[in-house]
Amino acid sequence: MEIEKMDVHKADIVISAVSPAQYPSTGLPEIALAGRSNVGKSSFINRMINRKGLARTSGKPGKTQTLNFYIIEEQFYFVDVPGYGYAKVSKTERAKWGQMLETYLTQRDTLKAVLSVVDLRHAPSSEDVQMYEFLKYYELPVIVVATKADKIPRGKWNKHIKIVKDTLNFDENDEFIMFSSETGEGKEEAWNVIEKYLDL
């Protein structure tokens with residue numbers, strides 16, 4: 001199904017869930033976004049759906065402590081999962097999120113693929129690597145999205161891509177997308193890849 005190159009007109013946040021009992025029961029496919037707290041997941045969602053403020057970008061990293069389900073065109077969900085790697089959150093809180101995340105990622109039948117969102121400017125953190133390995137271990141389809149591409153001169157992209165891929169020990173069978181929520185770089189490519197997994 002083509003949504004006019006995913007020209008999204010209808011997008012809403014449905015629920016911020018903390019347990020499986022609260023997950024939507026529509027059976028629609030889901031695409032999850034996992035990444036560090038301030039890596040730009042909300043900005044990615046907003047750019048993809050042409051909406052400035054649907055996914056709230058927070059000045060306080062670590063604020064998303066729930067699984068936020070956004071329904072897109074009544075056809076699928078983007079699921080923004082809690083950002084990781086933010087130091088000011090207590091160990092207990094972190095363990096709680098980890099548990100919630102693991103439950104969702106390993107037991108959700110409607111989950112079709114996970115966007116592993118990293119910052120192109122820096123080598124992926126140990127948490128990024130851990131997340132990527134976790135997704136590979138559970139054989140979940142992974143799409144690596146390297147955000148903030150506009151912050152790096154084009155001439156240096158390849159160098160940064162290599163650092164990201166080497167650090168993650170990237171599997172070349174996975175998809176890799178350069179993205180900028182500022183310029184829209186990678187938006188169409190991201191939709192093309194996501195559509196393959198949605199199978200609508």
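Residues numbered from 1 in each chain as written. Predicted model: local features only at pLDDT ≥ 70, side-chain atom pairs only at ≥ 80, totals over all residues. Heavy atoms only, no water.

- Looking at an unreviewed UniProt entry, one finds the chain named Probable GTP-binding protein EngB, with Carnobacterium divergens DSM 20623 as its source organism.
- Quoted straight from UniProt, the Function (unreviewed entry) entry for the chain says "Necessary for normal cell division and for the maintenance of normal septation."
- According to UniProt, the comment filed for the chain under the heading Sequence similarities (unreviewed entry) is "Belongs to the TRAFAC class TrmE-Era-EngA-EngB-Septin-like GTPase superfamily. EngB GTPase family." (UniProt positions renumbered as here; feature names shortened; annotations may be inferred.)

**A look at the overall build of the chain**
- Each helix and strand in the chain was counted, giving 5 helices and 7 strands.
- Counting from the amino terminus, helix and strand elements in the chain follow one another as β-β-α-β-β-α-β-α-β-α-β-α.
- Expressed as a percentage of contacts within the chain between residues at least 6 apart in sequence, the contacts between residues at least 24 apart total 76%.
- Put simply, the chain shows about 10000 Å² of open surface, and 46% of that area lies on carbon and sulfur atoms. (Helix = DSSP H or I, 4+ residues; strand = E, 2+ residues; numbered from the N terminus. Contact = heavy atoms within 4.5 Å. Areas by Shrake-Rupley, 256 points an atom, 1.4 Å probe, with all protein chains shown as cover.)

**Describing the environment of phenylalanine 170**
- Within the element layout of this structure, phenylalanine 170 appears in the loop between helix 4 (157-168) and strand 7 (175-178).
- For phenylalanine 170, a relative accessible area of 9% corresponds to the buried category.
- Residues phenylalanine 170 and valine 144, spaced 26 residues apart in sequence, show a C-alpha to C-alpha distance of 8.9 Å.
- Residues within four places of phenylalanine 170 in sequence aside, it is in contact with Tyr132, Val144, Lys165, Glu175 and Phe176. (Buried < 20%, exposed > 50% of the residue type's maximum accessible area, 1.4 Å probe, protein only.)

**Overview of the environment of aspartate 199**
- Checked against the element boundaries, aspartate 199 lands in the segment after helix 5 (187-198).
- We classify aspartate 199 as exposed; its relative accessible area is 67%.

**A closer look at the packing of helix 1 (residues 41-48) against helix 5**
- Contact pair helix 1 / helix 5: the axes reach a minimum separation of 10 Å and the direction vectors enclose 90 degrees. With respect to helix 5, the axis of helix 1 lies roughly perpendicular. In this structure, helix 1 uses Phe44, Arg47 and Met48 to contact helix 5, whose residues at the interface are Lys187, Ala190, Trp191 and Ile194.
- In terms of residue class, the contact of helix 1 with helix 5 is made up of 5 nonpolar, no polar and 2 charged. (Axes fitted to C-alpha atoms, helices over the stretch in contact; angles between N-to-C directions. Parallel < 35°, antiparallel > 145°, perpendicular 65-115°, else oblique. Nonpolar A, V, L, I, M, F, W, Y, C, P; charged D, E, K, R; others polar.)

**Describing the sheet that holds strand 2 (residues 30-35)**
- Pairing within the open sheet is mixed, and its 7 strands lie in the order 1-3-4-2-5-6-7. Each having just a single partner strand, strand 1 (11-17) and strand 7 make up the two edges of the open sheet. This sheet shows a mean twist of 25 degrees between the axes of neighbouring strands, independent of strand direction.
- Summarising the sheet, strand 6 (residues 142-147) and strand 7 pair through 4 bridges and their orientation is parallel. Each residue of the ladder has a partner; that of valine 144, found in strand 7, is phenylalanine 176. (Pairing = 2+ DSSP bridges.)

**Remarks on the side chain of threonine 66**
- The topology assignment puts threonine 66 in the loop between helix 1 and strand 3 (67-72).
- A polar side-chain atom of threonine 66 sits 2.9 Å from a polar atom in the side chain of asparagine 68.
- Threonine 66 has contacts with Ser16, Ala17, Val18, Asp80, Val81, Pro82 and Met100, leaving out every residue within four places of it along the chain. (Polar contact = N/O pair within 3.5 Å; in protein donor to acceptor, adjacent residues only side chain to side chain.)

**Digging into the environment of glutamate 188**
- Residue placement: glutamate 188 occurs in helix 5.
- A residue is classified by how much of its surface remains accessible, and glutamate 188, at 49% relative accessible area, is partly exposed.
- Placed 140 residues apart in sequence, glutamate 188 and methionine 48 show a C-alpha to C-alpha distance of 8.6 Å.

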